[in-house]
Amino acid sequence: MCAIVGYVGQAQALQIGLEALERMEYRGYDSAGIAVVQKGALHVEKKEGKLANLLEQVDHIGRDNFTGTTCIGHTRWATHGRPNDVNAHPHVSFDGKAAIVHNGIIENFATLREEVENAGIEMTSETDSEVAAHLLALAYNDGPTAGDFEASALAVLRRLDGAFTVLFTHCDHPGTIVAGRRSTPLIVGVGDGETFLGSDVAAFIAHTKKAVELGQDNAVIITADGYRTTDFDGNDVECTPFTIDWDLEAAEKGGFDSFMMKEIHEQPAAVRDTLAGHFVDGRIVLDEQRLSDEDLRGVEKVFVVACGSAYHSGLLAKYAIEHWVRVPVEIEVASEFRYRDPVLDQRTLVLAVSQSGETADTLEAVRHAKTQGARVLAVCNTNGSQIPRESDAVLYTHAGPEIGVASTKAFLAQVAANYLVGLALAQARGTKFADEIADIYNALEALPEKIEKVLKLREQILELSKELRPVKTMLFLGRYVGFPVALEGALKLKELAYIHAEGFAAGELKHGPIALIEEGLPVVVVVPSPTGRPVLHSKIVSNIQEIRARGARTIVIAEEGDAAVEPFANYLLRIPNTSSLMQPLLSTVPLQFLAADIARECGNQDIDKPRNLAKSVTVE
Ligand code: F6R
C-alpha cells in the first residue's frame, strides 16, 4: 500500500529512483512521482496513474536534465484524496525547498492542517501527507530547529500520529535524506558509496544485499557514506543488519509475461521450500516457531485471523487442525475479529496468516489477541515485517517475493505452513501417531511434483477461457475443503477480471443460489477425490447434475480416473490423485490460470496490477 524509495550516492539518482519504483509498483499504482535534489534546487515530477505515465513525462523532459545524486520517490495507493497529479507524491513545502514522500495515514492530519493553514499556508492537495512538507519547512525556517534539517525532520516525526513512513529532503542539504517510521515498513540498503531506502528490499536488491530494518518509532539519516539510526528524539538506536537471501532474478519476470504467471509456475518451489527442514528424524520441527511442545499441549482453542486469500488458507487450516488435533478452531476475517469481542484467553493459540506481514486488519487483530492474553503465532512470507515482530512466534512461508497483486504462490505456501502447524499440534498433543504424521508429511512432500503436472493444464485453460467469452458472471462450488477453494477461485476472478463471481458450499445451492443458474452460466465445480470420502464425491456429482439440468455450463475439476463426473462436465480439468485434505493445493491452481486468462479475455491485460487494489493493505 504505497511504496517509498530513496537514494543518496554518486550515480544519477533519477535512474536509480525510477528503477526502484518499477520494482515497487505492485504496492500501489494510482500515481507515481519523484523528487531529485540538484544544484540546491528540487526537481519534482509526478503523474496520475501507473508509473509508465511518469516515465513518459520524464522522457519528454529528457532524463539528462536530472543531474542530482539524491532522490525520493513514491507510488501511491490512494487513501486521502483522489488519485490525480496534485495528490501524487512527493509533496513540496510552501517555500519550494523541502519535499516529502509518505506511506500510511497521518491520523492527526486535521489538526496539523489547521495549524499549517493558520500560518497562512495554502494546501494544494487533498492528502494528509502534504502537511508534513509544510511542517518541515516551518521548523527549518524558524524556531529552535531553524537551519538544522535533521532536527527539523525529527521534530515533524514527533508530531505525527498514525501509521507512517516519511522521507524528507531539503535542497539546502542535497546529500542527505532523513526518514522515520511507525507501523509501516522502512528498510535501509547499504551500498558502497551509496545508501538506499525502500518499503521493501525489492527497491535496492539490484545494488546491494546488505540491509537494515528500522524498528518502531525509529528514524534514519542517510548520506552516500552510510547511515545513522535514532529514535524520534535523535538518540542513537541499534538496528539489526541482515543479508537479503534472494536475488534480483527472483524479483523479475524470468521470461513470463507477468509476475502472476511466473508466480503460479513457482508454486511447486514455494510449497517445497516452505516444507523444507520441518520434518527431521521423524518429527515435525517448527524451528522458527519459538513455542514449546508444552505451550502447544496447553492450547484449548485455535483462532485463525487473516484477510482475503490468507483467510481462505485459514479456512483450510480449520478442516485440517480439527481433524488431526481435535481442538476447536475458529476462523474470522481479521477486520471483524476485534469488534466482535471474541472469547480468547492464555490457552488460545491465534494463528495470524499474512503474506506481507503488514496488513493493518490482521495486525490489529494480533494486537487485540495479545491484550486478551492469547499466544499469537504468525504465518508470514515477509521476513521481519510488523506482524511477526509483534507475534509471540513465527513460521515463515518460503514463497519468495510475491509481486503480482493477486496472491498465488503465497496462498499455497500458507496452506502448507498452516498444515505444518496442525501437524506440530497433533504431535505435541499425541492425537496422531508418529507414523500417521509421517504419512501426512509425505503426502505434503509429494505435492510439488503433482503441482508441476497441474501446471500443464495451462493450454487447456487458455482455450477454455476463449470459449467462455463473453463471461458476465461465474459461480464456483465445492464441498468440504473444496469450499474454500471455490471461494478462492471466485476471489481471483473478481479481482482480476472485474466480473461478478461467487463461491458456494455446494450443499447450500438448493437453499437459494440455485436460482442464479440460467442457460449457459459457467459454473466451476471442485470435485473431491472419489477414493477419499465417497459420500462427499457422490453428493457433489448429484449437485453437478442439478445445475446441468438447469442449463449451466459446467467446468469440472476432478481427479484423474474419476469417470463418474464425465457425463456431466462440459469442460473437464484433470488433477492428480491425492488425499482429500491435500487436494486444495492442486485444485486451486487451475482456478488461478482461469482467472488470469478470463481477465485477459475480458480486456484486463495487466493482471499484475488489478484496478483499485494494492499488494499490502496497510489501512483498515
Ligand atoms: C487476493 C489477495 C488478498 C490478500 C489479503 C491479505 O489475491 O492477495 O486478498 O490475500 O489482502 O494480504 P496478506 O496476506 O499480505 O495479509
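Residues numbered from 1 in each chain as written. Predicted model: local features only at pLDDT ≥ 70, side-chain atom pairs only at ≥ 80, totals over all residues. Heavy atoms only, no water.

Chemist: Can you break down the layout of surface pockets residue by residue, with the values?
Modeler: The calculated volume of the largest pocket comes to roughly 750 Å³. In terms of lining residues, the largest pocket is bounded by 39 residues, among which Val201, Trp246, Asn381, Thr382 and Asn383 are the most central. By residue class, the composition of the lining of the largest pocket is 15 nonpolar, 15 polar and nine charged. Domain assignment of the residues forming the lining of the largest pocket places at least three in each of domain 1 (3-248) and domain 2 (259-445). Estimates place the volume of the second largest pocket at around 520 Å³. Lining the second largest pocket are 27 residues, and of these Cys307, Gly308, Ser309, Lys615 and Val617 lie nearest its centre. The set of elements that each furnish at least two residues to the lining of the second largest pocket consists of helix H9 (308-325), strand S19 (348-354), helix H11 (360-371) and helix H17 (482-497). Residue classes in the lining of the second largest pocket are distributed as eleven nonpolar, eleven polar and five charged. When residues are assigned to domains, the lining of the second largest pocket turns out to be shared by domain 2 (259-445) and domain 3 (455-601), each giving three or more. (1 Å grid on protein atoms, 1.4 Å probe; cavity = no way out; pocket = protein on both sides within 12 Å on 5 of 7 lines; lining within 4 Å. Points joined across faces, edges and corners; volume = space filled by probe spheres on them. Nonpolar A, V, L, I, M, F, W, Y, C, P; charged D, E, K, R; others polar. Domains from an automatic or database assignment. Helix = DSSP H or I, 4+ residues; strand = E, 2+ residues; numbered from the N terminus.)

Chemist: Lay out unusual backbone geometry in plain terms, naming residues and giving numbers.
Modeler: Looking along the chain, the bond that leaves histidine 89 and enters proline 90 is cis, with omega of 0 degrees. As for its position among the elements, proline 90 is in the loop between strand S4 (70-76) and strand S5 (91-92). Omega for the bond connecting arginine 469 with proline 470 falls within 30 degrees of zero, at -10 degrees, which places this linkage in the cis form. With respect to the helices and strands, the residue proline 470 is situated in the loop between helix H16 (458-468) and strand S22 (473-478). Of note, the phi angle at aspartate 217 is positive, near 55 degrees, even though the residue is not glycine. Its location among the elements puts aspartate 217 in the loop between strand S11 (210-213) and strand S12 (218-223).

Chemist: A description of the sheet that holds S19 should follow, citing residues and the corresponding values.
Modeler: Taken in spatial order, the five strands line up as S18-S17-S19-S20-S21 in an open sheet, and their pairing is parallel. The open sheet is flanked by strand S18 (329-333) and strand S21 (393-396), the only strands paired with a single partner. Sheet twist, expressed as the mean angle between neighbouring strand axes with direction ignored, is 20 degrees. When strand S20 (residues 375-380) meets S21, the two strands line up parallel, connected through four bridges. The partner of cysteine 380 across the bridge, within S21, is tyrosine 396. On top of the sheet, H11 reaches strand S17 (301-306), S19 and S20; it is set at about 165 degrees to S19, its chief contact. Set on the sheet, helix H13 (residues 409-429) makes contact with S17, S19, S20 and S21; between it and S19 the angle comes to about 165 degrees. (Pairing = 2+ DSSP bridges. Axes fitted to C-alpha atoms, helices over the stretch in contact; angles between N-to-C directions. Contact = heavy atoms within 4.5 Å.)

Chemist: Tell me about the UniProt feature "domain: SIS" (unreviewed entry) in the protein chain, and please be specific about residues and values.
Modeler: Under the UniProt annotation, the feature "domain: SIS" (unreviewed entry) is placed at residues 291-431 and 464-609. Taken end to end, residues 291-431 comprises 46% helix and 20% strand; its first and last C-alpha atoms sit 18 Å apart. The span residues 464-609 is 38% helix and 20% strand, and its two end C-alpha atoms sit 23 Å from each other. (UniProt positions renumbered as here; feature names shortened; annotations may be inferred.)

Chemist: Would you mind going over the domain arrangement of the protein chain in detail, with residue names and values included?
Modeler: Entries for the protein chain in the domain assignment read domain 1 (3-248), domain 2 (259-445) and domain 3 (455-601). Computed over C-alpha atoms, the centres of domain 2 and domain 3 are 26 Å apart. With both chains or domains summed, domain 2 and domain 3 bury close to 2100 Å², and 76% of this area falls on carbon and sulfur atoms. When residues of domain 2 are sorted by the area they lose upon contact with domain 3, Met261, His312 and Tyr319 head the list and together hold 26% of the total. Taken together, the links from domain 2 to domain 3 amount to zero salt bridges. Across the contact surface, domain 2 and domain 3 share seven residue pairs in polar contact (both at pLDDT 80 or more). Put simply, the parts of the chain that give the side of domain 2 that touches domain 3 at least two residues each are helix H6 (259-265), helix H7 (267-275), H9, H13 and helix H14 (434-445). With nine residues, the single largest contributor to the side of domain 2 that touches domain 3 is H9. Class assignment for the residues of the side of domain 2 that touches domain 3 results in 19 nonpolar, eight polar and no charged. (Buried area = accessible area lost by both parts, 1.4 Å probe. Salt bridge = Lys/Arg side-chain N within 4 Å of Asp/Glu carboxyl O. Polar contact = N/O pair within 3.5 Å; in protein donor to acceptor, adjacent residues only side chain to side chain.)

Chemist: So what about the packing of H7 against H13? Which residues, and what values?
Modeler: Two numbers describe how H7 lies on H13: the axes approach to 9 Å, and their chain directions differ by 25 degrees. Comparing the axis directions of H7 and H13 gives the class roughly parallel. As H7 runs across H13, the sense of the crossing is right-handed. Residue-level contacts link Gln267, Ala270, Val271, Thr274 and Leu275 of H7 to Lys409, Leu412, Ala413, Ala416, Ala417 and Leu420 of H13. For the contact of H7 with H13, the per-class residue count stands at eight nonpolar, two polar and one charged. (Parallel < 35°, antiparallel > 145°, perpendicular 65-115°, else oblique. Left-handed = near helix turned anticlockwise from the far one by under 90°.)

Chemist: Please provide a residue-by-residue account of the pairing of S18, values included.
Modeler: Sheet topology note: the S17/S18 ladder contains five bridges and is parallel. Bridge pairing in S18 places alanine 306 opposite valine 333. The parallel pair S17 and S18, bridged by H9, forms a crossover whose chirality is right-handed. (Right-handed = clockwise from strand over helix to strand, strands pointing away.)

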